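# Descriptive structure summary
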Amino acid sequence: LCYPLETMSPEADDLQDAFDLILRLEQAANESSDPAVTSNLLAARDFIAGTIGPTLKPAAVSRLLGVSQTALNRWLEKGEIASVRTPEGRREVPRDEVVDLLEHLRRLRANGAARPLAAALRERRQTAEQTVDLERLLPRRVPRGHRAAELQALAYHRLVAERLDDDIANQARRRLHTWIATGRIHPKWASEWQRILSLPLARIAKEISADTPRARELRQTSPFAGVLNEHERRSLVEAVERRLAG
Amino acid sequence: MKPEEFEHVVRAAAEVVKDEIVVIGSQAVHGELRSPPDELLVSREVDVYPRSNPERAVDIDGAIGDGSQFDATFGYYAHGVGPETPRQPLQGGRGV
């Protein structure tokens, strides 16, 4: 793959091209069976993502998703599309949320869905309702000493473990790499996560969803943030609170 | 966590619950020192609760907690706790 650098500028109308490229690189990386090629494709993906920045203004997002800003604001208000408060105090949309939605839209459009964004958000809600099932994700009797945060992390990682694929594992590896480079994780936990993320997927799933003191400590520095959408995460947090209260 | 990141988390938490935020735990030292010790820079978490409605700490967890899009986007997060959580003897609770 070879693209001129000027197509990656986040200015003007090149944003759409940059996101198209990210999606194509992710798809190529997932289809590649050569680890070196996968690694290079993901490095290129990260480079382009870096030129966009971590968040986008709602006006840019509405253009990318092909909806009015009024419609987008409604979904942002309801929390159906994630938004974050930037350090400058603006409400913006995480870049990775946009990538996720664009990928979802591409699949739905290929299947001929009418109003694909509304359909994508409906699918998200249904997935959250079907998968956030604490009976399945947590021990029936909450062991003494488990704090709410530990239970949330346990349920979260058990859900991640169920969905774990190369894409999710690669995201976690990239995040860990960034944390190590910026000194955001203690070396002891960095090397432990490096060990875990070098394992086959089934072993990674087992390690991150174990209910042991060691695993509980490990999850406090987990690089698996952002795997669940906001709807699912909120459902999970509220469900844990209900379980502890009941 | 750098001072500007700490301030970002606290402002975002205040926005979620529309309340003053109390910070407890080791990160509360940011309220006192502009150049905190290096050990604090490794932490990604700020323990907080809303001053007027501490029970809304769960809303903070839900919006900007561990594993949230906020965490995924910026690399740090708020942990909603209860006022009964033990405080650090040196810094104590720090209202922001």
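Look up: the structure comes first, before these words.
Let me begin by describing the structure that accompanies this report. (Residues numbered from 1 in each chain as written. Chains lettered and ligands numbered in written order. Predicted model: local features only at pLDDT ≥ 70, side-chain atom pairs only at ≥ 80, totals over all residues. Heavy atoms only, no water.)

## What about the overall build of chain B?
So the rule is basically this: The secondary structure listing takes helices from DSSP runs of H or I that are at least 4 residues long and strands from runs of E that are at least 2 residues long, numbered from the N terminus. Summary of the burial criterion: residues with accessible area below 20% of their type's maximum are buried, those above 50% are exposed, and those between are partly exposed, where the area comes from a 1.4 Å probe applied to protein chains only. Contacts are assigned to residue pairs that have any heavy atoms within 4.5 Å of one another. For every accessible area listed, the method is Shrake-Rupley and the probe measures 1.4 Å; residues are considered covered only by the protein chains on display.
Tallying secondary structure elements over chain B gives four helices and four strands in all. Along the chain direction, N to C, the helices and strands of chain B fall in the order α-β-α-β-α-α-β-β. Within chain B, the proportion of its 96 residues that are buried is 54%. A sequence separation of at least 24 residues applies to 72% of the contacts in chain B between residues at least 6 apart. By element, 49% of the accessible surface of chain B is carried by carbon and sulfur atoms, the whole surface being about 4100 Å².

## Notes on the packing of helix 10 (residues 187-197) of chain A against helix 11 (residues 201-208) of chain A
Residue and element names in this part refer to chain A. So the rule is basically this: Helix axes are fitted only over the stretch in contact, all axes being lines through C-alpha atoms; the angle between N-to-C directions runs from 0 to 180 degrees. Angle categories: roughly parallel below 35 degrees, roughly antiparallel above 145, roughly perpendicular from 65 to 115, and oblique for all the rest. Three classes are used, and their members are as follows: Ala, Val, Leu, Ile, Met, Phe, Trp, Tyr, Cys and Pro are nonpolar, Asp, Glu, Lys and Arg are charged, and the others, Gly among them, are polar.
For the pair helix 10 and helix 11, the least separation of the axes is 9 Å and the interaxial angle reads 140°. Judged by the angle between their axes, helix 10 and helix 11 are oblique. Packed against helix 10, whose contacting residues are Trp-193, Arg-195, Ile-196 and Leu-197, the element helix 11 presents Ile-204, Glu-207 and Ile-208 at the interface. Tallied by class, residues from the contact of helix 10 with helix 11 come to five nonpolar, no polar and two charged.

## Comments concerning helix 3 (residues 58-65) of chain A
In an α-helix, one turn spans 3.6 residues; hence positions three or four apart end up facing the same way. Residue and element names in this part refer to chain A. By the criterion of burial, helix 3 is predominantly enclosed, with six of the eight residues buried. Along helix 3, the residues that are buried comprise Pro-58, Ala-60, Val-61, Ser-62, Leu-64 and Leu-65. Positive phi shows up at Gly-66, right after helix 3, with a value of about 75°.

## Structural notes on the interface of chain B and chain A
Interfaces are often sized by the amount of accessible area the parts lose when they come together. Note the threshold: By definition, a salt bridge exists where a carboxyl oxygen of Asp or Glu is found within 4 Å of a side-chain nitrogen of Lys or Arg. Under the rule applied, a polar contact is a pair of N or O atoms within 3.5 Å (in protein, one hydrogen donor and one hydrogen acceptor; residues adjacent in sequence only if both atoms are side-chain atoms).
In this complex, chain B contributes 26 residues to the contact, which on the side of chain A involves 31 residues. The interface formed by chain B and chain A contains two salt bridges. Of the charged contacts in the structure, one is a salt bridge between Glu-15 of chain B and Arg-85 of chain A, with a shortest N-O distance of 3.0 Å. The interface formed by chain B and chain A holds nine residue pairs in polar contact (both at pLDDT 80 or more) in total. Listed by contribution, the elements that provide at least two residues to the side of chain B that touches chain A are helix 1 (3-17), helix 2 (38-42), helix 3 (57-64), helix 4 (69-74) and strand 3 (77-80) of chain B. Looking at the side of chain B that touches chain A element by element, the count peaks at six residues for helix 4 of chain B. Residues belonging to the side of chain B that touches chain A are distributed by class as follows: ten nonpolar, nine polar and seven charged.

## Observations regarding the pattern of salt bridges
On inspection of all chains with the given rule, the structure shows 23 salt bridges over all chains. As a salt-bridge pair, Glu-97 of chain A and Arg-124 of chain A come within 2.9 Å of each other at their nearest N and O atoms. With a gap of 27 residues between them, Glu-97 of chain A in helix 5 (residues 95-110) and Arg-124 of chain A in helix 6 (residues 116-131) connect regions that are remote in the sequence. The buried category is assigned to Arg-124 of chain A, whose relative accessible area is 6%. The partner of Arg-56 of chain B in a salt bridge is Asp-59 of chain B, with the nearest N and O atoms 2.7 Å apart. Owing to a relative accessible area of 29%, Arg-56 of chain B belongs among the partly exposed residues under this scheme. Assessed through its relative accessible area of 29%, Asp-59 of chain B is described here as partly exposed. One salt-bridge network, held together by shared partners, links Glu-26, Arg-45, Asp-46, Arg-95, Asp-96 and Arg-174 of chain A.

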